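As a plain string of letters, each chain reads:
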Amino acid sequence: MKNTKLIFDITKTHLLSRIKQSSIAALGVTFGIGTFIILVSFMTGLNGLLDGLILNRTPHIHIYNEIKPSKIQAIDKSASFAETFNVIKSIKPKQNQSRIHNGKTLMDHLKKDDRVMGVCAEVVTKVFYTASSVELNGNVTGIDPYEEDRLFNFGDYIIKGSAEELIRTPQGILLGAGVANKLSINIGNKVQLVTPQGQTFPLKVVGIYQSGLAEFDNVQSYVNLAMAQQLLGEGSNYITDINVKLYEIENAEPMSKFISDKYNLTAIDIKTANAQFETGTSIRNMITYAVSITLLIVAGFGIYNILNMLIYEKMNDIAILKATGFSGKDVQYIFISQAMVIGLVGGVLGLILGHMISIVISNIPFKTEALPTVDTFPVNFNPKFYIIGICFALISTFLAGFLPSLRAKNIDPVEIIRKQ
Amino acid sequence: MSKILEVKSLNKYFRKPVLFHALRDIDFSINKGEFVSIMGKSGCGKSTLLYILSTMDTDYEGELFFNENKITGKSHNELTQLRNEDIGFVFQFHYLLPEFTVLDNVMMPARKLGLKPYAQIKKDALAKLALLDIEEQAYKKASRISGGQKQRVAIARALINNPNIIMGDEPTGNLDTKNSENVFNILRDLSDTQGLSLLVVTHDKDFAAKTDRVIEMEDGKIIGTGIV
Ligand SMILES: Nc1ncnc2c1ncn2[C@@H]1O[C@H](COP(=O)(O)OP(=O)(O)O)[C@@H](O)[C@H]1O
Ligand SMILES: [Mg+2]
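As a convention, each chain's residues are numbered from 1 in the sequence order in which they are written. Numbering of ligands from 1 and lettering of chains from A proceed in the order in which they are written. Where totals are concerned, whole chains, interfaces and linings use all residues; where local detail is concerned, this predicted model gives features only for residues with pLDDT of at least 70, and gives and counts side-chain atom pairs only at 80 or more. By convention in this description, side-chain values take in all heavy atoms of the structure and omit both hydrogens and water.

Draft legend 1. Structural context of the domain arrangement of chain A. Along its sequence, chain A is organised into domain 1 (4-55 + 277-419) and domain 2 (61-69 + 94-270). Each domain's extent is set by a domain assignment, obtained either automatically or from a database. Look at where the C-alpha atoms of domain 1 of chain A and domain 2 of chain A centre, and you get two points 52 Å apart.

Draft legend 2. Highlighting the sheet that holds strand β5 (residues 69-70) of chain B. All names here are of chain B. At least two DSSP bridges between two strands are needed for those strands to be called paired. In DSSP terms, a helix is any run of H or I states spanning at least four residues, a strand is any run of E spanning at least two, and both are numbered starting from the N terminus. Pairing is antiparallel in the open sheet, where 4 strands are placed in the order β2-β1-β4-β5. The sheet is open, and its two borders are formed by β2 (20-31) and β5, each paired with just one other strand. Of the pairings in the sheet, the one linking strand β1 (residues 3-14) to strand β4 (residues 61-66) comprises 5 bridges and is antiparallel in character. When the sheet's bridge partners are listed, Leu5 is paired in β4 with Phe66.

Draft legend 3. How the structure looks around the site of ligand 1. Here a residue is considered near a molecule or strand provided that any single heavy atom belonging to it is located within 4 Å of it. Taken together, Arg418 of chain A together with Phe14, Lys16, Phe20, Lys41, Ser42, Gly43, Cys44, Gly45, Lys46, Ser47 and Thr48 of chain B make up the full set of residues adjacent to ligand 1. Under this definition, polar contacts are N or O atom pairs within 3.5 Å; protein pairs additionally need one hydrogen-donor-capable and one acceptor-capable atom, and for neighbouring residues in sequence, both atoms have to be side-chain atoms. Residue Gly43 of chain B places a main-chain N or O atom 2.7 Å away from an oxygen atom belonging to ligand 1. Thr48 of chain B places a side-chain nitrogen or oxygen 2.5 Å from an oxygen atom of ligand 1. Computed by Shrake-Rupley with a 1.4 Å probe, the accessible areas treat only the displayed protein chains as cover when residues are assessed. Across the complex, the protein chains shield 68% of the 560 Å² of accessible surface that ligand 1 would expose by itself.

Draft legend 4. Layout of the interface of chain A and chain B. What makes two residues a contact is simply this: any of their non-hydrogen atoms within 4.5 Å. Contacts between chain A and chain B engage 28 residues on the former and 23 residues on the latter. Two parts lose some accessible area (1.4 Å probe) when they are put together, and adding that loss for both gives the buried area. Both sides together, the interface formed by chain A and chain B hides about 2400 Å², and carbon and sulfur atoms give 63% of it. The rule for a salt bridge is simple: a side-chain nitrogen of Lys or Arg has to be within 4 Å of a carboxyl oxygen of Asp or Glu. Across the chain A-chain B interface, the total number found is 4 salt bridges. Here Lys314 of chain A ties to Glu99 of chain B by a salt bridge, and the two come within 2.8 Å at their closest N and O atoms.

Draft legend 5. Region of interest: the pattern of salt bridges. In the structure shown here, the tally under the stated rule is 19 salt bridges over all chains. Asp9 of chain A serves as the salt-bridge partner of Lys5 of chain A, at 3.2 Å between the closest nitrogen and oxygen. With Lys5 of chain A and Asp9 of chain A both in helix α1 (residues 4-17) and 4 residues apart, this pair spans about one turn of that helix. Relative accessible area serves as the criterion here: at 55%, Lys5 of chain A is assigned to the exposed category. A salt bridge links Arg188 of chain B to Asp212 of chain B; its shortest N-O distance comes to 3.1 Å. Here Arg188 of chain B, found in helix α6 (residues 177-194), pairs with Asp212 of chain B, found in the loop between α7 (205-209) and β9 (213-218); they are 24 residues apart in sequence, far enough to count as distant. Accessibility here uses a 1.4 Å probe with only protein chains present; expressed as a share of the type maximum, an area under 20% marks a residue as buried, one over 50% as exposed, and anything in between as partly exposed.

Draft legend 6. Seen up close, the environment of Val127 of chain A. Residue and element names in this part refer to chain A. Counting through the fold element by element, Val127 comes out in strand β2 (residues 116-131). As a C-alpha pair, Val127 and Pro196 span 69 residues in sequence and 6.3 Å in three-dimensional space. When sequence neighbours within four positions are dropped, the list of residues in contact with Val127 reads Leu136, Asn137, Gly138, Asn139, Val140, Leu193 and Val194.

Draft legend 7. The arrangement of the sheet that holds β9 of chain B in detail. Residue and element names in this part refer to chain B. Taken in spatial order, the 6 strands of this open sheet run β6-β7-β8-β3-β9-β10, and their pairing is mixed. Strand pairing shows two members of the sheet lacking a second neighbour, β6 (87-90) and β10 (221-226), which therefore form its edges. Averaged over neighbouring strand pairs, the angle between their axes works out to 20 degrees when direction is ignored. Alignment of β6 against strand β7 (residues 165-169), held across 4 bridges, turns out to be parallel. Following the sheet pairing, Phe89 is matched in β7 by Met167. Here an angle of 0 to 180 degrees is reported between the N-to-C directions of two axes, which are lines fitted to C-alpha atoms, with helices fitted over the stretch in contact. Of the strands in this sheet, β3 (35-40), β6, β7, β8 (197-201) and β9 touch helix α1 (residues 46-53), which is tilted by about 150 degrees from β7. Relative to the sheet, helix α2 (residues 76-86) contacts β6 and β7, its axis offset from that of β6 by approximately 75 degrees.

Draft legend 8. Representation of the packing of aromatic side chains within the structure. Planes of paired rings set the category: under 30 degrees apart is stacked, over 60 is edge-to-face and the rest tilted, where pairs are Phe, Tyr or Trp rings (Trp by its six-membered ring) whose centres lie within 6.5 Å. Going through the model one piece at a time under the given rule, you end up with 13 aromatic pairs over all chains. With centroids separated by 4.9 Å and ring planes inclined at 80 degrees, the aromatic side chains of Phe154 of chain A and Tyr222 of chain A adopt a geometry described as edge-to-face. Here Phe154 of chain A, found in the loop between α5 (145-152) and β4 (158-161), pairs with Tyr222 of chain A, found in strand β8 (residues 220-224); they are 68 residues apart in sequence, far enough to count as distant. Note on Phe154 of chain A: relative accessible area 5%, which makes it buried. Residue Tyr222 of chain A is classed as buried on the basis of its relative accessible area of 9%. Here Phe366 of chain A and Phe377 of chain A contribute two aromatic rings whose centre-to-centre distance is 4.5 Å and whose plane-to-plane angle is 15 degrees, an arrangement assigned as stacked. Of this pair, Phe366 of chain A sits in the loop between α14 (328-362) and α15 (383-409) while Phe377 of chain A is found in the loop between α14 and α15, placing the two residues 11 residues apart along the sequence. A relative accessible area of 22% means that Phe366 of chain A is categorised as partly exposed. The class for Phe377 of chain A is partly exposed, based on a relative accessible area of 24%. Linked through ring pairs, Phe154, Tyr209, Phe216 and Tyr222 of chain A together constitute an aromatic cluster. Geometrically, a lysine NZ or arginine CZ counts as sitting over a ring once it is within 6 Å of the ring centre and also within 35 degrees of the ring normal. Stacked on the ring of Phe326 of chain A, the Lys or Arg Lys112 of chain B has its end atom at 5.9 Å from the ring centre.

As structure tokens, this is what we get:
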């Protein structure tokens, strides 16, 4: 369009000659977009933190052997009772079913699958912790510390000592923070584990583990896989749990279904296990967008009002422009571009304001027991939000400017000139 | 002699608030280079006629010719273009864009036309302002100059695209005698030296007497035309 520069010059003069009103309109947008950026960065930062709290260390698929009675009882296998209606009362599960049979084979299969990032074997058992006269019950999990750290960020939750220390110390144990607290022991001390079979094992505390979930930290401890197998008096093929991490979380559900069907094991995928977290995330996102859109609608009404007023004041100008050869469309572009300039300037200032306040927030100290890996407020500086923000600003100001500009387009110059 | 403007059996009705026959069977033409004035009592339809002739009002019956081309029934865009290029309009109330400089106001229609580069348009605009003897006001805001000066700026703006005709609706109606005479002399001079066609509505008998031809109107009709 050959008139672009002319139209822009007129727009500029109109806006600058009522700089106060233009600034107020732009500030409305700045406020709306700034709030959007702050809210969305903080909310998604928080989401990321909470997701990290649970999801980062949660296996995408958790495979274990649930203790439950066999579905198929001996009588069902017998041909002579196939036609009869069989009732068996008080079915009890078999003892010691928690072991995954052929666990190593299953792990090898999984490791070869190219959807799988990694696989960890675990041995879980109940124990009593004893130190001096205190006796506590709890869980001990035998792990491969190296793989657990690589796949599930295990090391992030060790507040004293380290995963390497555990690897180096076959007789070592990483105590849950709550357990250590209750037993009043620390790194370097000894703790006795009493197994369900009644055997006692003296272990050396090489670190303290804190997940942030108190009920977990009050019972849980970690030892090396071989140590756990030894606690139970089992060989190196004994595995109770397999944790799988995938490249794509979307594959978790179909894969877990496949595993539980094919291997007759219980396989829980991450979405089923943590459904409530996704709900929380989507509700927080909804609040963020609802608040921002509300603010932008308010800003939009401000722009609509100011442009309407401007057009009312500029009736004469519009009549002159039309009388001297400007078309309705030209006049419409003049007013739309005024709205868009307000939107662009207000929007960019909003991004800058939002970014600065987000930086301030991200530097505010935020220390809490429950989140050992965090020391300032979590803020997500995702460029995507800034693109959404500026699009928001332009779209809402375009909509706010459109109706007034249509009015300007349709003004009959004769009517205005006659009124003088 | 060729006609710059011609109307044939023009009728205009206002439908609101009541049906009102504002212009009745108007027939006349203006030759190239002619300086014509329209006189008549207030409310007789002079402005209404001028808005139709200037193509801003298209709601009429009859036919309008510009440069011997029929323009009745042309699209809004074609008429806008015609107004921009071939018709200069001067209003009673100077009608400048108050926030722009005098120079910007004069340049505006030429920039809209877009045939010349900016620098050339600026030179032309300054030349027009010089022609009307107000080039020293060029960089002032249009709202900061006197009424007589504004009217001269409006004439300069009407001239910027070298139109075929200039129309004025009581262009001196708002000015004192001295300024009024000044503006008339400018128009007379443009007609004499540049061969510009002019059609000017006026209340001023002395003014009308100095034009080539006077059209007299009453109650929406032309009641007489002649050299005074
Ligand atoms: N928009 C309108 N609606 C109805 N009547 C109108 C309108 N504009 C003008 N008129 C009437 O048409 C007549 C002619 O008006 P106008 O052309 O302005 O007169 P003049 O310019 O000769 O003083 C007047 O009686 C006026 O009241
Ligand atoms: Mg009039």
